[in-house]
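# Residue-level structure breakdown
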Amino acid sequence: MELLSELLAALTDPATNRPHLGNARFEFAVFSGNAGFDEARISGDARFLAAEIGEDTRFHKAEISGCASFDRAKIGGRAVFDGVRIGGDASFDRTTVGRRVVFDRAQIGGDARFDRMKAAGRAVFDKVTIGGDARFFGAEVRGFLSFDHADVGADAVFDRGKFTLGASFRGAKAGGSVSFLGAVFESAAVIGPLVCARTLTLSEAEFRAMATIEAATAAVHCRRTRWASTAALRLRYAVVDLSDAVLEYPVSITASSRSFTVFGQEMSEPDLGDSRVRVASLRGVDTAHLVLSDVDLTDCRFAGTVHLDELRLEGRCPLPAAPSGLRWRGVRPVRWTPRRTLAEEQHWRATRHGAADGWTSAPDRVGVLEPAALASSYRQLRKGFEDGKNEPGAADFYYGEMEMRRHDPDTPRAERGLLTAYWALSGYGLRASRALGWLLAAMTATVVAMMLWGLPQEDPKSVSTGAFTGRSITLTAVRPDPVNPDGPYRKRLSTDRFDKSLQVVINSVVFRASGQNLTAAGTYTEMASRLVEPVLLGLAVLATRSRVKR
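For the structure given in this document, a descriptive report is provided here.

## Topic: the overall build of the chain
- A tally of helices and strands in the chain yields nine helices and 51 strands.
- By the compact-globule yardstick of 24 Å for 550 residues, the chain is too spread out, its C-alpha radius of gyration being 40 Å.
- With the principal axes as the frame, the chain shows a C-alpha extent of 160 × 45 × 45 Å.
- Here the chain holds 550 residues, and the buried ones make up 47% of them.

## Section: the sheet that holds strand β34 (residues 199–201)
- In space, the twelve strands of this open sheet follow the order β3-β7-β11-β15-β19-β23-β27-β31-β34-β37-β40-β45, with parallel pairing throughout. Edge positions in the open sheet fall to β3 (24–25) and β45 (278–281), since each of these has one partner strand only.
- The pairing of β34 with strand β37 (residues 219–221) spans three bridges and is parallel. Each residue of the ladder has a partner; that of Thr201, found in β37, is His221.

## Let's talk about helix α8 (residues 495–509)
- For α8, built from 15 residues, the straight-helix expectation of 21 Å at 1.5 Å per residue is met to within 8% by its first-to-last C-alpha distance of 21 Å.
- When α8 is considered as a whole, its buried residues turn out to be Arg497, Lys500, Ser501, Val504, Val505, Asn507, Ser508 and Val509.
- Contacts from the buried residues of α8 go to α6 (432–454), α7 (489–492) and α9 (520–548).

## Notes on the environment of Cys196
- Turning to its location among the elements, Cys196 is positioned in strand β33 (residues 189–196).
- You can call Cys196 buried: its relative accessible area is 0%.
- Along the sequence, Cys196 and Phe185 sit eleven residues apart, while their C-alpha atoms lie 21 Å from each other.
- If we ignore the near neighbours within four places in the chain, the residues touching Cys196 are Ala174, Gly176, Val178, Ala216, Thr217, Ala218 and Leu272.

## Some remarks on the packing of aromatic side chains
- Under the counting rule described, the total for this entry stands at 38 aromatic pairs.
- Their ring planes at 15° and their centres at 5.0 Å tell us that Phe26 and Phe48 sit as a pair that is stacked. Linking Phe26 in the loop between β3 and β4 (30–31) with Phe48 in the loop between β7 (46–47) and β8 (52–53), this pair joins segments that are 22 residues apart in sequence. Neither residue differs from the other here; Phe26 and Phe48 are each classed as buried.
- Ring centres of Phe147 and Phe169 lie 5.6 Å apart, and the angle between their planes is 40°; this geometry places the pair in the tilted category. Of this pair, Phe147 sits in the loop between β25 (145–146) and β26 (151–152) while Phe169 sits in the loop between β29 (167–168) and β30 (172–174), and the two are 22 residues apart along the sequence.
- Taking relative accessible area as the criterion, Phe147 reaches 2% and is therefore assigned buried.
- On the accessibility criterion, Phe169 (1% relative accessible area) is buried.
- Taking NZ or CZ as reference, Arg406 lies 4.3 Å from the ring centre of Trp423, over its face.

## Observations regarding the environment of Thr212
- With respect to the helices and strands, Thr212 occurs in strand β36 (residues 211–216).
- The exposure class assigned to Thr212 is partly exposed, which follows from its relative accessible area of 22%.
- A C-alpha to C-alpha distance of 54 Å links Thr212 and Ala414, two positions 202 residues apart in sequence.
- Residues within four places of Thr212 in sequence aside, it is in contact with Ala189, Val190, Ile191, Ala232 and Arg234.

## A closer look at the nonpolar core
- Judged by nonpolar contacts, the single largest core of 108 residues is most densely connected at Phe59, Phe125, Phe169, Phe180, Leu202, Phe207 and Trp227.
- Listing elements by their share of this core, those giving two or more residues are β30, β33, β36, β39 (231–236), β42 (251–255), β46 (290–293), α3 (371–387) and α4 (391–407).
- With five residues, α3 is the largest single contributor of residues to this core.
- In this structure, Phe59 is in contact with Phe37, Asp38, Ile42, Phe48, Ile64, Phe70, Val80, Phe81, Asp82 and Val84, ignoring residues within four places of it in sequence.

Calculation notes
Residues numbered from 1 in each chain as written. Predicted model: local features only at pLDDT ≥ 70, side-chain atom pairs only at ≥ 80, totals over all residues. Heavy atoms only, no water. Helix = DSSP H or I, 4+ residues; strand = E, 2+ residues; numbered from the N terminus. Rg over C-alpha atoms; globule rule 2.2 N^0.38 Å. Buried < 20%, exposed > 50% of the residue type's maximum accessible area, 1.4 Å probe, protein only. Pairing = 2+ DSSP bridges. Expected span 1.5 Å × (residues − 1). Contact = heavy atoms within 4.5 Å. Phe/Tyr/Trp six-rings, centres within 6.5 Å; stacked < 30°, edge-to-face > 60°. Lys NZ or Arg CZ within 6 Å of the ring centre and 35° of its normal. Core = buried A, V, L, I, M, F, W, Y, C linked by side-chain atoms within 4.5 Å.

Encoded structure:
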């Protein structure tokens with residue numbers, strides 16, 4: 001230590017009263033005490049490869065024009081680099097620090113590498129500025145990691161890191177991606193508010209304590225992430241992939257409508273387009289503890305989700321809609337009933353032979369599921385809404401479930417025929433207008449049939465005959481059979497016959513006999529209308545009820 005002090009004293013610039021060195025090369029050097037280079041100016045590189053420093057290493061407000069390398073160095077005390085300026089790269093690969101690491105307000109022009117660094121105390125990188133990548137692959141911080149207000153020009157990588165006493169990334173920014181692939185947070189973690197231009201990766205990470213994540217980013221990957229405690233994700237712009245994530249405690253994902261603020265100041269955000277938060281996949285997730293608020297589910301894949309009926313959707317969570325307006329299936333025009341669908345149904349319908357346009361095709365490397373698998377997803381979503389007393393919201397999922405059953409080739413033919421009739425007559429008991437249309441058509445057909453063939457030519461009149469014998473009179477009343485109408489059809493379409501036919505139809509709708517004199521054809525027509533029309537009326541009432549029931 002005394003030798004180092006004498007060396008630095010000899011190299012002190014009288015004009016600035018600061019040590020001035022060219023290249024500082026201390027590879028494999030051994031310092032029994034402190035290695036102090038406070039406010040030193042090094043115009044070349046600072047190389048401390050595999051150096052051993054018994055106590056503190058201090059580079060407070062030092063300036064290094066070139067690169068700084070402390071790879072495999074062993075520092076018994078603190079590593080203090082607050083306010084340091086490094087023009088090139090800074091490398092601390094496999095560095096071991098006995099106490100805390102401080103890079104508060106440091107400026108690094110190139111990349112900063114702390115791969116497999118071990119720090120026994122806190123690691124403070126508040127307001128650090130790094131021009132290139134910041135790499136902490138496999139780093140182990142036994143104290144608290146603070147990365148507040150850090151500014152990284154490219155990617156920030158914390159893959160496989162282990163943070164024992166928690167971590168904070170309030171106000172951090174990255175020009176590229178931020179990755180915590182396989183990282184372990186043993187205490188509470190506060191990631192954000194954070195802004196990164198590309199992807200926030202949390203895949204395979206493990207959060208063993210409460211976590212709060214706020215990020216404005218293009219994508220958030222949470223594949224196989226393990227949440228061993230409660231977590232709240234508040235996001236902007238992001239496409240979220242939760243495939244195979246493990247949720248042991250409640251986890252909420254919420255879309256933030258406003259820019260994030262840190263200590264009352266709004267964070268600037270890159271131009272990432274639409275600020276909506278979209279969920280891409282829930283495949284393999286047990287959603288019993290998942291809450292989604294105001295997120296877009298248009299492209300979300302639900303198949304393979306566990307306990308989908310316990311998923312909570314709050315706020316506005318849109319799903320893909322069926323194609324609107326008139327569409328073409330080959331040369332035949334079709335019109336789809338308005339309803340919410342699942343992305344997987346969109347993919348399946350787009351692959352069908354002669355499919356109508358307007359359905360969304362599956363992305364590359366995404367398989368297309370069969371109707372049997374989709375029916376299960378619709379069934380669970382329907383059950384979840386019904387359990388939440390939101391039966392009108394469950395109606396579209398019931399419609400989708402019935403559609404998938406109708407198109408499932410494993411469904412028995414008789415059942416498919418019944419489902420087809422149910423769909424055609426009333427949209428599975430959910431389309432009142434369709435049932436009322438069929439009812440109006442049936443009533444119209446009954447009225448016309450009654451006017452043309454059902455009502456007799458004239459109402460038959462009873463004829464009474466009697467015989468007088470002694471003091472008794474015997475009377476016999478005979479009503480002749482109704483006479484089938486004859487003559488031109490247009491003469492049968494009279495106002496009087498219309499009024500009588502309408503009475504027959506109205507009584508048939510409410511399942512009552514009209515009491516009208518009818519021909520044989522009229523009797524059978526009335527029997528058929530008394531069977532069909534009340535059913536159609538009941539389907540219309542059922543469809544209306546399903547839309548207003550609470």
